[in-house]
Amino acid sequence: MPKVVLFGATGYTGRLTAEVLLARGADPVLAGRNPTALAKLAADLGGARTAVADVTDPTSVRALLDRGDVLVTTVGPFLRHGRPALDAAISARAHYIDSTGEGPFIRTVFERDEQARAAGVGLLTAFGFDYVPGNLAAGLALRAAPTAVRADIGYFMDNPGTSGGTRASMAGMLFESGFALRNGQVVTERTGAHLRSFEVAGATRTGVSIPGSEHFALTRSPPHLRAVDVFLGLPPLAAQGLRAGSRLTAVAAQLPPLKRVLDDVLARTVRGSTGGPSAGARSRARARVVAEARDDSGNTLARVTLEGGDPYDFTAAIMAWAAGTALDGGLSGTGALGPVDAFGLDALHAAVRDAGWTDHPATSGTERR
């Protein structure tokens, strides 16, 4: 019988996802590299199947899977550790879901589209707070404004906490190229190249451009869409600092020996798997995602805002839903899929609502940016 395999189950996001899977009545195999930690996790959760696998031994990751399985992986930083799970899923003809927020790895997954189609499986990358809400909000805005040629998406958080894995992922991307959608094509572009403001809950907030899955996924259905930008909300000074710092890291990235040294220093000093925000801290976090569909003159044709709680709780909930739906044959296609491609706009919308998020319906306007 096909099964869900949760790889990285003993990590921070992995444990949250395991809890949701079991609460939904699933029977996942909890996988990781430490058998003692796995046994403790299984006992804490009231019993679950476990399996030992390590990214340093790709054959052990491949051994987790059979044809028709669903692999959910939270093992990051994905630029360093993500490829063995991706390779294993395609080889085994198993569906694949990951929690990455790392733009360069997202690009890697979408570059495996043809292989996944040949294997008859779906690859769902960045299927968490990074970047499901933006895909949904933009999809709803573009449905309301089908002639739009541009979509801008902003992610904003209040009282956020970060896990060790998130910090390690952020550090690992410092010297990597970003990208954006321009003239209907994904092109290389420096992270932090652009700043813009959004109206969020009655206040003006600043966002700095980042690479996301929306750049790849949103072009597959809106017929006129030519440009996509994704922004991370930061205080104005921090946004300016990131923009300036990205210019320096872009220079360093052009010098391979220096880049290797700096990457190695970061890998040794910024450690993953060091825990994350407590349940109390997560209960105080709020997140909002804004998507604007615009015409070629810069007028905003439609705007959608989604609002919810802690990003880690959302990631666990939406990945568990996606895994269960994929296991039941609910994927809408094969290949490297965006969230809307994978499940359809309405089913995804319902799942995000079930995960505790609310939305403000698409509004039209003629605001100029």
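Note that the structure is a prediction, hence the values are computed from the model and not measured.

Take the overall build of the protein next. From N to C terminus, the protein includes 16 helices and 16 strands. A burial count over the protein gives 52% of its 369 residues as buried. Restricting the contact set of the protein to residue pairs at least 6 apart, pairs at least 24 apart contribute 73%. Total accessible area on the protein stands at roughly 15400 Å², and carbon and sulfur atoms take up 52% of it.

All told, the structure shown has twelve aromatic pairs when counted by the stated rule. Aromatic side chains Phe-179 and Phe-216 sit 5.1 Å apart centroid to centroid with 70 degrees between the ring planes, which places their arrangement in the edge-to-face category. In this pair, Phe-179 is assigned in strand 8 (residues 178-182) and Phe-216 in helix 10 (residues 214-217), connecting sequence segments 37 residues apart. For Phe-216, a relative accessible area of 15% corresponds to the buried category. Summarising the aromatic geometry, the rings of Phe-314 and Trp-357 are spaced 5.1 Å apart at their centres and angled 50 degrees between planes, so their arrangement reads as tilted. Linking Phe-314 in helix 14 (residues 311-327) with Trp-357 in the loop between helix 16 (345-354) and strand 16 (358-363), this pair joins segments that are 43 residues apart in sequence. A single burial state applies to Phe-314 and to Trp-357, both of which are buried. Ring-pair connections join several aromatic residues into one group, and the members of that group are Phe-129, Tyr-131, Tyr-155, Phe-314 and Trp-357. Over the aromatic face of Phe-198 sits the side chain of Arg-196, whose NZ or CZ is 3.9 Å from the ring centroid.

Once that is clear, we can look at helix 6 (residues 103-110). The element helix 6 is largely enclosed, with a buried count of seven among its eight residues. Within helix 6, burial applies to Gly-103, Pro-104, Phe-105, Ile-106, Thr-108, Val-109 and Phe-110.

The next point concerns the sheet that holds strand 4 (residues 70-73). As summarised here, the arrangement of the seven strands in space is 3-2-1-4-5-6-15, forming an open sheet in which the pairing is parallel. The sheet terminates laterally at strand 3 (49-52) and strand 15 (335-336), the two strands that pair on one side only. Strands in contact with helix 5 (residues 83-92) are strand 1 (4-7), strand 4, strand 5 (95-98) and strand 6 (122-124); relative to strand 5, the strand with the most contacts, it is inclined by about 160 degrees.

The subject of this paragraph is the confidence of the model for the protein. Here the protein shows a mean pLDDT of 88. Residues at 70 or above account for 84%. pLDDT under 50 marks residues 167-175. Its contacts with residues more than four places away, or in other chains, come to 26 contacts.

Applying the stated criterion across every chain yields a total of one cavity of 30 Å³ or more. Quantified by volume, the largest cavity comes out at close to 60 Å³. As for the largest cavity, its lining consists of Phe-179, Ala-180, Glu-189, Arg-190, Thr-191, Gly-192, Ser-209, Ile-210, Pro-211, His-215, Asp-229 and Val-230. Elements with a minimum of two residues in the lining of the largest cavity: strand 8, strand 11 (203-210) and strand 12 (227-233). Residue composition of the lining of the largest cavity, grouped by class: five nonpolar, four polar and three charged.

This next bit is on the pairing of strand 10 (residues 195-200). Of the two faces of strand 10, the one holding Arg-196, Phe-198 and Val-200 is buried and the one holding Leu-195, Ser-197 and Glu-199 is not buried anywhere. Bridge count between strand 10 and strand 11: six bridges; the pairing is antiparallel. Each bridged residue has a counterpart across the sheet, and for Leu-195 the counterpart in strand 11 is Val-208. Hairpin connection, strand 10 to strand 11: the antiparallel pair is bridged by two residues, and Ala-201 has positive phi, about 50 degrees.

Let us look at the nonpolar core. Ranked by size, the top nonpolar core spans 90 residues in total, and within it Phe-7, Leu-65, Tyr-96, Ile-97, Leu-123, Phe-127 and Ile-153 carry the most contacts. For this core, the element with the highest residue contribution is helix 14, accounting for eight residues. Excluding residues within four positions of it along the chain, Ile-97 makes contact with Val-70, Leu-71, Val-72, Thr-73, Leu-124, Phe-127, Met-319, Ala-322 and Ala-323. Counting five residues, the second largest nonpolar core, distinct from the first, contains Phe-198, Val-200, Phe-231 and Val-290.

Each regular strand shows side chains that alternate between the opposite faces of the sheet. Residues Val-29 and Ala-31 of strand 2 (residues 29-32) are buried on one face, and the alternating residues Leu-30 and Gly-32, pointing to the opposite face, are buried as well. As defined by bridge partners, strand 1 adjoins strand 2 across three bridges and the pair is classed as parallel. Its bridge partner being in strand 2, Leu-6 is matched across the sheet by Leu-30. Assessed by its sense of winding, the connection that carries the chain from strand 1 through helix 1 (residues 12-23) to strand 2 is right-handed. Looking at chain direction, strand 2 and strand 3 are connected through four bridges and run parallel.

Before going further, it helps to examine the side chain of Arg-112. Here Arg-112 lies in the loop between helix 6 and helix 7 (113-119). Reaching out from Arg-112, the side chain makes a polar contact with the side chain of Gln-115 at a distance of 3.1 Å. In this structure Arg-112 touches Arg-83, Leu-86, Asp-87, Ile-90 and Leu-123, once residues within four positions along its chain are discounted.

What counts as what
Residues numbered from 1 in each chain as written. Predicted model: local features only at pLDDT ≥ 70, side-chain atom pairs only at ≥ 80, totals over all residues. Heavy atoms only, no water. Helix = DSSP H or I, 4+ residues; strand = E, 2+ residues; numbered from the N terminus. Buried < 20%, exposed > 50% of the residue type's maximum accessible area, 1.4 Å probe, protein only. Contact = heavy atoms within 4.5 Å. Areas by Shrake-Rupley, 256 points an atom, 1.4 Å probe, with all protein chains shown as cover. Phe/Tyr/Trp six-rings, centres within 6.5 Å; stacked < 30°, edge-to-face > 60°. Lys NZ or Arg CZ within 6 Å of the ring centre and 35° of its normal. Pairing = 2+ DSSP bridges. Axes fitted to C-alpha atoms, helices over the stretch in contact; angles between N-to-C directions. pLDDT = per-residue confidence, 0-100. 1 Å grid on protein atoms, 1.4 Å probe; cavity = no way out; pocket = protein on both sides within 12 Å on 5 of 7 lines; lining within 4 Å. Points joined across faces, edges and corners; volume = space filled by probe spheres on them. Nonpolar A, V, L, I, M, F, W, Y, C, P; charged D, E, K, R; others polar. Core = buried A, V, L, I, M, F, W, Y, C linked by side-chain atoms within 4.5 Å. Right-handed = clockwise from strand over helix to strand, strands pointing away. Polar contact = N/O pair within 3.5 Å; in protein donor to acceptor, adjacent residues only side chain to side chain.

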